[in-house]
Amino acid sequence: MIKLIALDLDGTLTDDKKNITPHTLEVLMQVQRQGVRIVLASGRPPYGMRPLARQLHMEQYGGIILCYNGGHVEDCATGEVYVERKLPEEVIPLLNRFQQESGMTLMTYYEDKIYTEHPDDQYVGISAFNNKMQVEGLTDFVSQAPRPLNKCLMVGPHDKQVVWEKKIQETTNDTLYVCHSTPYFIEILPKGIDKGPSLVSLCQRLGISPSEMMTFGDSNNDMQMIQLAGIGVAMGNADDDIKQMADFITLDNNSDGVAYALKHFGLIQD
């Protein structure tokens with residue numbers, strides 16, 4: 001019996017316009033009314049996740065937002081923060097060096113703003129649109145970015161992303177968690193932060209077995225939560241390696257893939 005559903009956002013719960021479709025919204029409301037908890041699990045900051053949680057009325061049904069891939073976990077009803085992890089201060093100059101060497105753009109989230117030395121970067125603009133956040137330009141990231149930081153991103157075209165994700169992983173020697181969430185976002189988090197283990201810890205807190213959890217995702221940073229769940233669902237638009245490890249491949253994010261899978265597994269009736 002599934003007691004918890006964990007949903008990635010971009011490319012999974014939301015369509016390409018970053019909206020929850022009416023049909024998927026109604027299906028998720030029905031699932032919650034039946035007593036199943038929903039967790040939104042994303043690399044987004046809290047500010048960029050709370051509006052979707054409110055749209056789903058998660059505060060009424062024991063819903064939780066798992067932000068920064070698990071670096072910040074928050075109860076929608078009470079606002080209680082279960083987990084809060086920060087990047088070590090000493091890595092910030094190193095990340096700025098990567099920015100200079102790669103030609104990519106370093107950015108971060110803090111409260112309701114994005115901070116970066118390149119406010120007009122097109123990929124920064126994508127993140128600002130997704131999260132409905134303003135962008136604050138800096139002249140020096142190391143000295144001016146607010147602290148402490150949960151997460152930084154290195155953003156740029158896919159060919160650079162592929163090369164520099166590997167370089168950052170190798171250079172930091174596993175002292176950070178480095179992954180990608182889109183073909184142009186490299187996510188840089190404290191070591192040990194990942195959606196999968198974070199959800200397992202949350203299940204323990206809630207008295208739920210991971211086998212009673214159903215997860216949905218489409219990208220690299222969803223890998224562990226797909227593997228660790230009782231039912232791991234890959235979206236039709238997911239990366240091939242995510243599809244290979246999933247228990248089920250549903251329709252894509254523009255075709256109510258979440259709702260389709262929930263019906264397929266009998267969590268709701270037509």
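Note: the structure precedes this text.
The text that follows walks through the structure, step by step, so that each part is easy to find. (Residues numbered from 1 in each chain as written. Predicted model: local features only at pLDDT ≥ 70, side-chain atom pairs only at ≥ 80, totals over all residues. Heavy atoms only, no water.)

1. Quick look at the pattern of salt bridges
How we decide: Put simply, a salt bridge is a Lys or Arg side-chain nitrogen that is within 4 Å of an Asp or Glu carboxyl oxygen.
Taken as a whole, this structure holds 13 salt bridges when the rule is applied. Across the pair Glu26 and Arg33 runs a salt bridge, and its minimum N-O distance is 2.9 Å. Ionic contacts of the salt-bridge type, sharing partners, join the residues Asp8, Lys195 and Asp222 into one network.

2. Let's talk about empty space enclosed by the protein
Under the convention used in this document: Think of a 1 Å grid over just the protein atoms. A cavity is a set of points where a 1.4 Å probe fits yet cannot get out, a pocket is an open set with protein on both sides within 12 Å along at least five of seven lines, and lining residues have an atom within 4 Å of a point. Grid points are joined across faces, edges and corners, and a volume is the space filled by probe spheres set on the points. Secondary structure counts use DSSP, requiring at least four H or I residues in a row for a helix and at least two E residues in a row for a strand, with both numbered from the N terminus. In this count, Pro and Cys sit with the nonpolar residues alongside Ala, Val, Leu, Ile, Met, Phe, Trp and Tyr, while Asp, Glu, Lys and Arg are called charged and the others, Gly among them, polar.
Scanning the model with the defined rule gives two cavities of 30 Å³ or more in all. As a volume, the largest cavity reaches approximately 170 Å³. Residue lining of the largest cavity: 17 residues in total, with Asp10, Ser42, Arg44, Ser181 and Glu187 positioned closest to the centre. Where the lining of the largest cavity is concerned, the elements lending two or more residues are helix 4 (122-131), strand 10 (176-182) and strand 11 (185-190). Looking at the lining of the largest cavity element by element, the count peaks at three residues for helix 4. Of the residues contributing to the lining of the largest cavity, the split by class is three nonpolar, eight polar and six charged. Of the voids in this model, the second largest cavity is the one considered here, and its volume is about 40 Å³. If you go around the second largest cavity, the residues you meet are Thr12, Leu13, Thr21, Thr24, Met235, Asp252, Asn253, Asp256, Gly257 and Val258. Class assignment of the residues belonging to the lining of the second largest cavity gives a composition of three nonpolar, five polar and two charged.

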